[in-house]
Amino acid sequence: MEIAYKLINLLPQIDEIKEILKSNPEGEFILKKTFETFNGIQKQKPSTSDSDDGVEECYFLVQALLDKFWEVIHTGHFSEVPLDVRKTYALASFCKIIFLLLESMEKSQIEKCNEVLDDAILLGCSQNIFSNEAKFMNLLTELFDSELDPTVDLQLPIIEPLPRSSVDCDILRLDCPSLEEFNEKCFTPQVPALLLNTIRHWPALEKWRDLNYILKLAGNRTVPIEIGSNYTTDEWSQQLMKIKDFLKRQFSQPKQQSPNDDKHEIEYLAQHELFEQIPLLKNDFSIPDYCLLGEHKEMVDIKAWLGPKGTISPMHYDPKHNILCQIFGSKKIILASPKDSDNLYPHEGEFLSNTSQINAASPDLEKYPRLSMVKFYDLTLQAGDCLYMPPKWWHYVESESPSFSVSFWWE
Ligand SMILES: O=C(O)CCC(=O)C(=O)O
Ligand SMILES: [Fe+2]
C-alpha cells in the first residue's frame, strides 16, 4: 500500500491542472474532492482505519466521471474529442489506480491497474499533464514489471537474421551520410534515400529479435492491433488487445496449418506510439540526428510497426518527413513522387484521400490506365537500414518476413 501513498505524493496540486478543468466544473469538483481525500488519508497513515473517510464516495464519483467521459470520447471522430476531456479522463484514471491500490495489492488488482493505465494512455491524453507525471508512470511501470510476468506461460522464438540480399534499388543509396550530406542530398531537395549502416549500433537490433524480451517488457500492455492485411478493405478492423496475445498468435511456433486454415488472419501492431507506453524500450535506440533538420525538431512522432510476414500498408502518403528504420526482418517498398499524385487514383472523400485505390504490388492498368505514366521506385528495406521519405511521397509497404520497424515523423 506504500506505493499508493507514493503515488498520491506525485499527483499535481489542483492549481497545476486548473487550465484543463476550466471548462469542466464537474471534473474540477470531483478531482479536487479526490485530492483532498487522498491528502486526508495520507495524513492518517499508517493508521489502517477503514472508517468512512470519504474514500468510497470519491471512488464512486471518479468512476462516474470516467464513465461519462468514456461516452464523450467514443462519440464522433476521435481526433475531434477536446483534449481537455481526454486529459481529465487520464487524471481520473490515475486516481482510480490509487483507489485500487489502496483497496488491495493482489495480483489481480495490479492487473486491473495495468489495464486502467493503458486506458489512460490510449483514450486519455496522458502526456505532460503535470510535472511529476513521468515519475508517476515510472513507479507504476516498476510495480507492473515486478508483479506481473507475462513470460511464465509463453515461450517465443528468436527471429533469426536474414542473409542480406543485394536486390537492386531504384533510389539514392547513401552509406551513413553525415548531417551535412543528408541535408544537401536528401532533406533540402526532398529526395528519398536508402540510408545504410546508420542504425547498426542500436541495441534494439540484437535485443528485439528475441521476442521474449518484448514479451517481458510489454506483454501485459494493451495496444491497438490492425486485423486483416489491408486497411482499405471491408475485412479490415482494429482491436485493443494485450501484446502477449498478439505475439502468441502471430509469432509462436509451430503454426498449426490445416488445409482449410492456410489463411490465418494477419494482425499488425501498426503506427502505434509504443514507446510512450513502454519508455524502457527507448533505451534501445535513439532519434536519428537527421531529425534535427526540421523546423519542429523537438517534436518527433515515433511509431512502432511490428507484425508477421505479409502485412501490407497500401500505397499512401503522410504529411511529415519520415525515417523508417528496420529493426529486424525485411520489407518490400514501392515509392512514387507527389508529382504523380493525380495518376495514383487517391480514394475520394477526406478520410482516405491520402490513400491510393491501386494495388501497387500488382497494378491493374486496365482499370487505372494513368498508372502507366507513374514512375515507381522499388526497394527492399533490410534490418539495419533506414529509408528517408520526404513529406507526401507515396509508399506501399509489405513485410517479407516477421518484421519490426520504427518510424520517425517530423516537420
Ligand atoms: O511499415 C509499414 O507498414 C508502413 C510504414 C509507413 O507507412 C510509415 O512509416 O509512414
Ligand atoms: Fe506511411
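Rules used throughout
- Residues numbered from 1 in each chain as written.
- Chains lettered and ligands numbered in written order.
- Predicted model: local features only at pLDDT ≥ 70, side-chain atom pairs only at ≥ 80, totals over all residues.
- Heavy atoms only, no water.
- UniProt positions renumbered as here; feature names shortened; annotations may be inferred.
- Near = heavy atom within 4 Å.
- Polar contact = N/O pair within 3.5 Å; in protein donor to acceptor, adjacent residues only side chain to side chain.
- Areas by Shrake-Rupley, 256 points an atom, 1.4 Å probe, with all protein chains shown as cover.
- Helix = DSSP H or I, 4+ residues; strand = E, 2+ residues; numbered from the N terminus.
- Nonpolar A, V, L, I, M, F, W, Y, C, P; charged D, E, K, R; others polar.
- Donors = N, O, S within 2.8 Å, 3.2 Å for Na, K, Ca; no water.
- Buried < 20%, exposed > 50% of the residue type's maximum accessible area, 1.4 Å probe, protein only.
- Pairing = 2+ DSSP bridges.
- Right-handed = clockwise from strand over helix to strand, strands pointing away.
- Core = buried A, V, L, I, M, F, W, Y, C linked by side-chain atoms within 4.5 Å.
- Contact = heavy atoms within 4.5 Å.
- Axes fitted to C-alpha atoms, helices over the stretch in contact; angles between N-to-C directions.
- Parallel < 35°, antiparallel > 145°, perpendicular 65-115°, else oblique.
- Left-handed = near helix turned anticlockwise from the far one by under 90°.
- Disulfide = S-S within 2.5 Å.
- Salt bridge = Lys/Arg side-chain N within 4 Å of Asp/Glu carboxyl O.

Under an unreviewed UniProt entry, the name given to the protein is Bifunctional peptidase and arginyl-hydroxylase JMJD5, and the source organism is Musca domestica. Per UniProt, the comment on the protein under Subcellular location (unreviewed entry) is "Nucleus". UniProt lists a comment for the protein under the heading Cofactor (unreviewed entry), and it reads "Fe(2+)".

Undergrad: Hey, could you go over the site of ligand 1 for me, with residue numbers and the actual values?
TA: Within the structure, ligand 1 sits among Tyr268, Trp305, Ser313, His316, Asp318, Asn322, Leu324, Lys331, His395, Val397, Ser407 and Trp409. Separating an oxygen atom of ligand 1 from a side-chain N or O atom of Trp409 is a distance of 3.4 Å. Isolated, ligand 1 exposes 300 Å² of accessible area, and the fraction of that covered by the protein chains is 100%. The set of elements that each furnish at least two residues to the shell around ligand 1 consists of strand 7 (312-316), strand 8 (321-328), strand 12 (394-399) and strand 13 (403-410). Here the residues of the shell around ligand 1 sort into five nonpolar, five polar and two charged.

Undergrad: Break down the coordination of the iron ion (ligand 2) for me, citing the residues and quoting the values.
TA: Within the protein, the atoms that donate to the iron ion (ligand 2) are His316 (NE2), Asp318 (OD) and His395 (NE2), at distances of 2.1 to 2.2 Å. Mapped onto the polypeptide sequence, the residues donating to the iron ion (ligand 2) form the spacing pattern H-x1-D-x76-H. Here Asp318 is found in the loop between strand 7 and strand 8, whereas its partner His395 is found in strand 12, with 77 residues between them in sequence. Residues Asp318 and His395 agree in their burial class; the two are buried.

Undergrad: Please set out the pairing of strand 2 (residues 193-196) residue by residue, giving values where relevant.
TA: The alternating pattern of strand 2 places Ala193 and Leu195 and Leu194 and Leu196 on opposite faces, both of which are buried. Inspection of the sheet shows strand 1 (residues 172-175) paired to strand 2 by four bridges, in the parallel sense. What sits directly across from Arg173, in strand 2, is Leu194. Handedness of the crossover joining strand 1 and strand 2 through helix 8 (residues 179-187): right-handed. Note that strand 2 and strand 11 (residues 386-389) share three bridges and pair antiparallel. The partner of Ala193 across the bridge, within strand 11, is Tyr388.

Undergrad: Can you lay out the nonpolar core for me, pointing to particular residues and giving the numbers?
TA: Phe38, Ile98, Leu101, Phe136 and Leu140 are the most contacted members of the largest nonpolar core, which totals 54 residues. Mapped onto this core, the elements with two or more residues apiece are helix 1 (2-10), helix 2 (18-21), helix 3 (25-44), helix 4 (55-73), helix 5 (83-103), helix 6 (107-122) and helix 7 (133-147). Here this core takes 13 residues from helix 5, the largest share from any one element. Filtering out sequence-adjacent residues up to four positions away, Phe38 remains in contact with Ile8, Leu11, Cys95, Ile98, Phe99 and Leu102. With 49 residues, the next largest nonpolar core counts Phe187, Trp202, Ile227 and Ile323 among its residues.

Undergrad: Describe in detail the environment of Leu156, supporting the description with residues and values.
TA: Counting through the fold element by element, Leu156 comes out in the loop between helix 7 and strand 1. For Leu156, a relative accessible area of 4% corresponds to the buried category. Linking Leu156 and His296, residues 140 residues apart in sequence, is a C-alpha distance of 39 Å. Not counting the four nearest positions on each side in its chain, Leu156 is found in contact with Leu211, Asn212, Leu215, Leu247, Lys248 and Ser252.

Undergrad: So what about the packing of helix 1 against helix 3? Which residues, and what values?
TA: Running from amino to carboxyl end, helix 1 crosses helix 3 at an angle of 130°, the nearest separation of the two axes being 10 Å. Relative to helix 3, the element helix 1 is oriented oblique. Relative to helix 3, the crossing made by helix 1 is left-handed. Every residue of helix 3 that contacts helix 1 at Tyr5, Ile8 and Asn9 is listed here: Phe38, Asn39, Ile41 and Gln42. Looking at the contact of helix 1 with helix 3 residue by residue, the classes come out as four nonpolar, three polar and no charged.

Undergrad: Tell me what's going on with the pairing of strand 12, and back it up with residues and numbers.
TA: Within strand 12, five of the six residues are buried, which leaves it mostly tucked inside the rest of the structure. In terms of strand pairing, strand 7 meets strand 12 through three bridges, oriented antiparallel. Across the sheet, residue His316 finds its bridge partner in strand 12, namely His395. For strand 9 (residues 331-336) and strand 12, the ladder comprises six bridges, and the chain directions are antiparallel. Bridged to Ile333 within strand 12 is Val397.

Undergrad: Please provide a residue-by-residue account of the sheet that holds strand 2, values included.
TA: Within the open sheet, the nine strands sit side by side as 1-2-11-8-13-6-5-3-4. Their pairing is mixed. Strands with a single pairing partner mark the edges of an open sheet, and in this sheet they are strand 1 and strand 4 (237-242). Pairwise comparison of adjacent strand axes, ignoring direction, gives a mean angle of 25° for this sheet. Lying on the sheet, helix 8 is in contact with strand 1, strand 2, strand 8, strand 11 and strand 13; it crosses strand 1 at an angle near 175°.

Undergrad: Provide a residue-level description of the state of the cysteines, including the pertinent values.
TA: On inspection of all chains with the given rule, the structure shows zero disulfides. The cysteine Cys58 is free of any disulfide, with Cys95 supplying the nearest cysteine sulfur at 8.8 Å. Residue classification places Cys58 among the buried residues on the basis of a relative accessible area of 1%. Cysteine Cys186 remains unbridged, with the sulfur of Cys386 as its closest cysteine sulfur at 11 Å.

Undergrad: Which residues make up the pattern of salt bridges, and what values go with them?
TA: Enumeration according to the criterion identifies 16 salt bridges in this entry. With a closest N to O distance of 3.7 Å, Lys282 and Glu276 form a salt bridge. With relative accessibility at 32%, the residue Lys282 sits in the partly exposed group. Here Glu276 falls in the partly exposed class, since its relative accessible area comes to 36%. Among the charged side chains, a salt-bridge network with shared partners connects Arg164, Arg200 and Asp385.

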